[in-house]
Amino acid sequence: GYVNAHLVCLELATGRVQWSTLLAGNQVDLTMFGEIQREPFMGALAEQNGVIYALTNLGVIAAVNCWDGSVRWLTTYENLMITTARQSLRFQKREVPWDRNPLVICFDRLFATPLDSEYLFAFELKTGRLLQSAPARMGSFLLGLDGASLVFCSGQQAALVSTVDIQLAPRF
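Everything quoted here is computed from the prediction, not taken from an experiment.

Asker: Any chance you could break down the sheet that holds strand β11 (residues 141-146) for me, citing the residues and the numbers?
Answerer: Strand order in the open sheet formed by 3 strands is β11-β12-β13, with antiparallel pairing between adjacent strands. Whereas interior strands pair on both sides, the edge strands pair on one side only; in this sheet they are β11 and β13 (157-162). For this sheet, the mean angle separating the axes of adjacent strands, direction not counted, is 30°. Bridge count between strand β12 (residues 149-154) and β13: 6 bridges; the pairing is antiparallel. Across the sheet, the residue bridging to S149 is S162, located in β13.

Okay, here's the thing in structure tokens:
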């Protein structure tokens, strides 16, 4: 199954579409019968200074002008391999370490935990350039910021990850 991710702006009073921007299209996991295994969910949105940042969960993160829908930048990130159900009768679900988390903006960086990746990513806010990536080892829930640290939790454990260098070991 191939799905597209669009960002759509609606007029508040009437619901009329103001603009619609295609951000990404990508393959998703299928069952052995060719049906989509699970509903593809668009990721989180964040806004700062008239720019909407959108995580597609299809291997792309984007920055879009909120007034007209023009794309400022699109950046791809390393995502999980698509499983093929045709080779086996057993359902093989991709293991995703993240829950549905917010995008977090801190200083000049945008942090994302895509549902289609096992990495935490740090992007340059202005250009979308990938600055760093780190494997998931800090907890599945990204709660937000504590000063200049990202706050993650999982079960009874919390961890702080430096926004300056996400590759440093988390502090538990």
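Asker: Talk me through the environment of E78; I want residue IDs and the actual numbers.
Answerer: Its location among the elements puts E78 in the loop between β6 (71-76) and β7 (104-106). Residues E78 and E118, 40 residues apart in the sequence, show an inter-C-alpha distance of 8.5 Å. Ignoring sequence-local partners within four residues, the contact set of E78 consists of S117, Y119 and F121.

Asker: Describe the side chain of T113, listing the residues and the values that go with them.
Answerer: Structurally, the position occupied by T113 is in the loop between β8 (109-112) and β9 (119-124). When neighbours within four sequence positions are excluded, T113 is seen to be in contact with L55, W98, N101, Y119, L120, L142 and F152.

Conventions and cut-offs
Residues numbered from 1 in each chain as written. Predicted model: local features only at pLDDT ≥ 70, side-chain atom pairs only at ≥ 80, totals over all residues. Heavy atoms only, no water. Pairing = 2+ DSSP bridges. Helix = DSSP H or I, 4+ residues; strand = E, 2+ residues; numbered from the N terminus. Axes fitted to C-alpha atoms, helices over the stretch in contact; angles between N-to-C directions. Contact = heavy atoms within 4.5 Å.

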